Number of protein chains: 2
Amino acid sequence: MAEGAQVHSLISFSMSSLGTGFFRNLLMLLLPLTASSKSMRAPKTSSLFPLRAASTAASQYIQEASLLAMLASEAGERKLIEAAVEAIGRISAPLQIGDDVAVVDAGGIGLVLKTDMLVASTDVPPQMAPWQVGWKAVVMNVSDMAAKGVKPAAGVLAIGVPGDYRLEDFKLLIKGASDAAREYGFEIVGGDTNACRELVVAVALAGVAKRIVPRSGAKPGDILATTGYFGLASAGLKHLLEGLPARPGDREALVKPVLEPKARLREGLALAPYASASIDSSDGLAWSVHELAKASGVGFRIEHIPIAPEAASFAEDNSLSPLDLALYGGEEYELVVTIPPESWSAAAKAVEEAGGRLIRVGVATREKHVVAVVDGREVEVEPRGYEHFLT
Amino acid sequence: MAEGAQVHSLISFSMSSLGTGFFRNLLMLLLPLTASSKSMRAPKTSSLFPLRAASTAASQYIQEASLLAMLASEAGERKLIEAAVEAIGRISAPLQIGDDVAVVDAGGIGLVLKTDMLVASTDVPPQMAPWQVGWKAVVMNVSDMAAKGVKPAAGVLAIGVPGDYRLEDFKLLIKGASDAAREYGFEIVGGDTNACRELVVAVALAGVAKRIVPRSGAKPGDILATTGYFGLASAGLKHLLEGLPARPGDREALVKPVLEPKARLREGLALAPYASASIDSSDGLAWSVHELAKASGVGFRIEHIPIAPEAASFAEDNSLSPLDLALYGGEEYELVVTIPPESWSAAAKAVEEAGGRLIRVGVATREKHVVAVVDGREVEVEPRGYEHFLT
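Small disclaimer: the values here were computed from a predicted structure and weren't measured.

A. A look at the overall build of chain A. Helix and strand content of chain A: 14 helices and 15 strands. Burial analysis of chain A (391 residues in total) assigns 65% to the buried set. Across chain A, contacts joining residues at least 24 apart in sequence account for 85% of those joining residues at least 6 apart. With an accessible surface of roughly 13200 Å², chain A has 52% of that area assigned to carbon and sulfur atoms.

Shown next, in the form of structure tokens:
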């Protein structure tokens, strides 16, 4: 594993913004309900016991702010992550902030942990069946483990269900989660179920690894590659949520990645010995490439934007930019990796032997910009995900 | 560790009923809102993709039922757990259903996982401050690890926050979770935050252990013991939620266990080499003893009901039964363990050296009943938690 992060404490804290949750429009419709219902508000600070944190240095940064507004912008998101990291304080060094999984030294064993929560109002389109909800909740966690080259050893499931959720649907949801786990070679071994105002599925995965593939190991000259073509899920979402037409023969190709996404675990494990940096593309290709650039201190020149043909047709039919679909879409669980040139052949072969493909899309550069070559001309790739595409 | 469960796959699936969530009355007030708001309902089954589970043998058990009704009764709870276990199907043998944590073999390493979700409407009394919410979410998970004799190595946090939750409160919540983790010798190393209709905090803990102390190892003649006195939290809840008066000098003793509970981790680790069976008392002393009885195939004779003096005073002032407070209360995070008689001295000494105390309360019996000696007379202890006490 080239340039792998050392096993110690590697903190991982992610925020799903309204945008990266990809159903911002849905959520916006529901907001008045939340805002108008006093009884749904979280309890406010009580003076019964002194708030210990209020007396620490951290309190100087405390300010009144609506989390909703913060979740809606990338700057706000980053601020929230910083707030979380600040609240937690210093973790046993060496420490690296902001990777996709956390690694801790448990008596000489590298324990890798990952948690990601699926919330109905932001992550579940109306067309998604309960089995698919469980499936997706697990897949989005597996995808991050895949990007880090770690095989999940087991998973647990904490579920909040609305009172009128049906037993049949509950069983299908758990079966979906369990089927997804088995698909990736592990099992759901425990869980907790609670009554909740909306459907929430929090999955936590654990694995054992000596090192993980970081976001930060890319060097100028490394080859930028992906494990698949882009634009399918963002086209599928536009079809499902906004009713934009899809060609009958393409419909399943567009919709299936939204409702039954796949994680590239076999590919990620095959790439682990070769990749210098890696991330999944759940926040969009452009966003992922920018994250690799930022963490590694490099830039990227995307010479070939990997657009799926069905996404290109969908864009053409609906007068959309195919590049926008591929670059600024999201909820696609491909891996975006960098490979040192001397390892390219071996890496590509390893991925093929694992049943996948490695698509060369560009190169890491010394100049810290992310550009794409479009019609022979270099254009700037913006550091944004799907959210701004929607507005 | 006497009678420890072997490391392989040990499934853990818990359900927090409205009752064991302990704020049933609060939730009941909120129900009309949930029931009347169509937009809050979970999406129904779609026929876009075939539901794979529907074609399995499991489907013969599928029936229409409201989860809310099921969560409200113990029989329903058990049915839900069975539904979850059935949906998951056979896990790599040997397998034990229904213990408090899950253990899996990860390449020869015993990986212990635990997840428990805190939901505002059922787990957070109005007086609970954000720091305390984070604290409690971690403590309730640590308590189960403590009962199994496992030291948590790390934790992750998946948080759903309402849109109007304040940044200040968010930071305090995370700080509370982080402070609780540090109190028990580990760290919160990662997390995920999402917009959600109500405040939800799902904590997952991981540890490494060769064996755990099961619920099922008690033998007739083993000594039944607890790590503390009971009734404080149930009195505290009645004070906080129903406004029953508490003596000024006792108030903190009653309220603190509700708002800032402690887990008995040091005691649990000290007991691990000696205990034949163990469980925490978060669902109430009577419930916990019955669970040990059921899992071990024994009965118990409780010779001394360990009532906290402040709880006894509260009961006297409010014309309540002190025994009911101690037996059928809950949200108390003491450990309830069985110790073979020959290990008693060593176990008691180990707990004292860990800064705690081991209180002898009874004995395991061959007769499969749970009885308590009250005023020299044996009375049946019912297998119920706080929920029925409330109604």
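B. Quick look at the pattern of salt bridges. All names here are of chain A. Taken as a whole and judged by the stated rule, the model has 42 salt bridges over all chains. The shortest N-O distance in the salt bridge between Glu353 and Lys349 comes to 3.6 Å. Pair noted here: Glu353 and Lys349 are both in helix H13 (residues 344-353), with a separation of four residues, about one helical turn. Here Glu353 matches Lys349 in class, with each residue exposed. Between Arg384 and Glu382 there is a salt bridge, and its shortest N-O distance comes to 2.9 Å. Judged by relative accessible area, which is 16%, Arg384 ranks as buried.

C. Structural view of the packing of helix H7 (residues 232-242) of chain A against helix H11 (residues 309-317) of chain A. All names here are of chain A. Two numbers describe how H7 lies on H11: the axes approach to 8 Å, and their chain directions differ by 40°. In terms of their interaxial angle, H7 and H11 are classed as oblique. In this structure, H7 meets H11 at a crossing whose hand is left-handed. On H11, the residues that touch Leu232, Ala235, Lys238 and His239 of H7 are Glu310, Ala311 and Phe314. When the residues that make up the contact of H7 with H11 are grouped by side-chain class, the tally is four nonpolar, one polar and two charged.

D. Spotlight on the sheet that holds strand S12 (residues 335-339) of chain A. All names here are of chain A. In spatial order, the strands read S10-S12-S9-S13-S11-S14-S15; together these seven strands make up an open sheet with mixed pairing. In this open sheet, the two edge strands, each paired with only one partner strand, are strand S10 (277-280) and strand S15 (377-380). When strand polarity is set aside, the average angle formed by the axes of neighbouring strands in this sheet is 25°. Relative to strand S13 (residues 359-365), strand S9 (residues 223-226) runs antiparallel, the two sharing four bridges.

E. Structural context of the sheet that holds strand S9 (residues 223-226) of chain B. Residues and elements named next belong to chain B. Pairing in this open sheet of seven strands is mixed, and the strands run S10-S12-S9-S13-S11-S14-S15 from one edge to the other. In the strand order of this sheet, the two ends are held by strand S10 (277-280) and strand S15 (377-380), each with one partner. Neighbouring strand axes in the sheet, compared pairwise and without regard to direction, differ in orientation by 25° on average. Note that strand S14 (residues 370-374) and S15 share four bridges and pair antiparallel.

F. Representation of the side chain of Ser276 of chain B. Residue and element names in this part refer to chain B. If you trace the backbone, Ser276 turns up in the loop between helix H9 (265-271) and S10. For Ser276, the side chain forms a polar contact with the side chain of Asp222, separated by 2.7 Å. For Ser276, the side chain forms a polar contact with the side chain of Thr338, separated by 2.6 Å.

G. Broad picture of helix H6 (residues 167-183) of chain A. All names here are of chain A. Its 17 residues place the ends of H6 24 Å apart at the C-alpha level, agreeing with the 24 Å of an ideal helix rising 1.5 Å per residue. Most of H6 sits out of view: 14 of its 17 residues are buried. Gly185, located one to two residues past H6, shows a positive phi value of around 85°.

H. Geometry of the packing of helix H5 (residues 130-147) of chain B against helix H6 (residues 167-183) of chain B. All names here are of chain B. Look at H5 against H6: their axes get within 6 Å of each other, and the N-to-C directions meet at 40°. Judged by the twist between their axes, the crossing of H5 over H6 is right-handed. The residues of H6 that touch H5, namely those facing Pro130, Trp131, Val133, Gly134, Trp135, Val138 and Val139, are Asp169, Leu172, Leu173, Lys175, Gly176, Ala177, Asp179, Ala180, Ala181 and Glu183. Of the residues belonging to the contact of H5 with H6, the class tally is 11 nonpolar, two polar and four charged.

I. Up close: the packing of aromatic side chains. Residues and elements named next belong to chain A. For the coordinates displayed, the defined rule picks out two aromatic pairs over all chains. Look at Trp131 and Trp135: their rings are 5.1 Å apart centre to centre, the planes differ by 20°, and that puts the pair in the stacked class. In this pair, Trp131 and Trp135 are both assigned in helix H5 (residues 130-147), four residues apart and thus about one turn of the helix distant. Under the relative-accessibility criterion, Trp131 is labelled buried at 1%. Judged by relative accessible area, Trp135 falls into the buried class, the value being 1%. Looking at Arg384, its charged tip hangs above the ring of Tyr328, at a distance of 3.8 Å from the centre.

J. Layout of the side chain of Asp144 of chain A. With respect to the helices, strands and loops of the structure, Asp144 of chain A is situated in helix H5. For Asp144 of chain A, the contacting residues outside a window of four places in its chain are Asp100, Val101, Lys114, Asp116 and Asp280 of chain A.

K. Region of interest: the pairing of strand S12 (residues 335-339) of chain B. Residue and element names in this part refer to chain B. Among the five residues of S12, five are classified as buried, and the element is accordingly described as predominantly covered. Here S12 shows no split at all, with Leu335, Val337 and Ile339 on one side and Val336 and Thr338 on the other all buried. Two elements, S9 and S12, share four bridges in a ladder whose sense is antiparallel. Looking at S12, one finds that Ala225 is bridged to Val337. The sheet contact formed by S10 and S12 spans four bridges and is antiparallel. Within the sheet, the bridge partner assigned to Asp280 lies in S12 and is Leu335.

L. Local environment of H5 of chain B. Residues and elements named next belong to chain B. Here H5 is 18 residues long and its end C-alpha atoms lie 26 Å apart, about the 26 Å a rise of 1.5 Å per residue gives. Among the 18 residues in H5, 18 count as buried, and that is most of the element. Looking one or two residues past H5, Gly149 carries a phi angle of roughly 75°, positive in sign.

M. Highlighting the environment of Ala154 of chain A. Structurally, the position occupied by Ala154 of chain A is in strand S6 (residues 152-161). Of the residues examined, Ala154 of chain A reaches a relative accessible area of 0% and is grouped as buried. Taking C-alpha positions, Ala154 of chain A is 8.6 Å from Ala204 of chain A, a pair spaced 50 residues apart along the chain. Excluding residues that lie within four positions of it along the chain, Ala154 of chain A makes contacts with Phe186, Glu187, Val189, Ala204, Leu205 and Ala206 of chain A together with Val104 and Leu113 of chain B.

N. Main features of the confidence of the model for chain A. Residue and element names in this part refer to chain A. Model confidence for chain A is summarised by a mean pLDDT of 80, while 76% of its residues fall at 70 or above. This model gives residues 1-9 a pLDDT under 50, and the stretch forms 43 contacts once residues within four places in sequence are excluded. pLDDT under 50 marks residues 387-391. Its contacts with residues more than four places away, or in other chains, come to 15 contacts.

O. Structural view of the environment of Lys171 of chain A. Residues and elements named next belong to chain A. As for its placement among the helices and strands, Lys171 is situated in helix H6. On the accessibility criterion, Lys171 (7% relative accessible area) is buried. Between the alpha carbons of Lys171 and Trp131 there is a distance of 8.2 Å; along the sequence they are 40 residues apart.

P. Region of interest: the pairing of strand S4 (residues 102-106) of chain B. All names here are of chain B. Of all the five residues making up S4, four are buried; the element is thus mostly covered by neighbouring parts of the structure. Strand direction decides the pairing type here: S4 and strand S5 (residues 109-119), joined by five bridges, are antiparallel. Within S5, the residue paired with Ala102 across the bridge is Leu113.

Q. Inspection of unusual backbone geometry at higher detail. In the Ramachandran plot, Asp375 of chain A falls in the positive-phi region, its phi being about 50° despite a non-glycine side chain. Within the fold, Asp375 of chain A resides in the loop between strand S14 (370-374) and S15. Positive phi values are uncommon outside glycine, yet Ser319 of chain B reaches one of about 50°. Note that Ser319 of chain B resides in the loop between helix H11 (309-317) and helix H12 (322-328).

Cut-offs used in this document
- Residues numbered from 1 in each chain as written.
- Chains lettered and ligands numbered in written order.
- Predicted model: local features only at pLDDT ≥ 70, side-chain atom pairs only at ≥ 80, totals over all residues.
- Heavy atoms only, no water.
- Helix = DSSP H or I, 4+ residues; strand = E, 2+ residues; numbered from the N terminus.
- Buried < 20%, exposed > 50% of the residue type's maximum accessible area, 1.4 Å probe, protein only.
- Contact = heavy atoms within 4.5 Å.
- Areas by Shrake-Rupley, 256 points an atom, 1.4 Å probe, with all protein chains shown as cover.
- Salt bridge = Lys/Arg side-chain N within 4 Å of Asp/Glu carboxyl O.
- Axes fitted to C-alpha atoms, helices over the stretch in contact; angles between N-to-C directions.
- Parallel < 35°, antiparallel > 145°, perpendicular 65-115°, else oblique.
- Left-handed = near helix turned anticlockwise from the far one by under 90°.
- Nonpolar A, V, L, I, M, F, W, Y, C, P; charged D, E, K, R; others polar.
- Pairing = 2+ DSSP bridges.
- Polar contact = N/O pair within 3.5 Å; in protein donor to acceptor, adjacent residues only side chain to side chain.
- Expected span 1.5 Å × (residues − 1).
- Phe/Tyr/Trp six-rings, centres within 6.5 Å; stacked < 30°, edge-to-face > 60°.
- Lys NZ or Arg CZ within 6 Å of the ring centre and 35° of its normal.
- pLDDT = per-residue confidence, 0-100.

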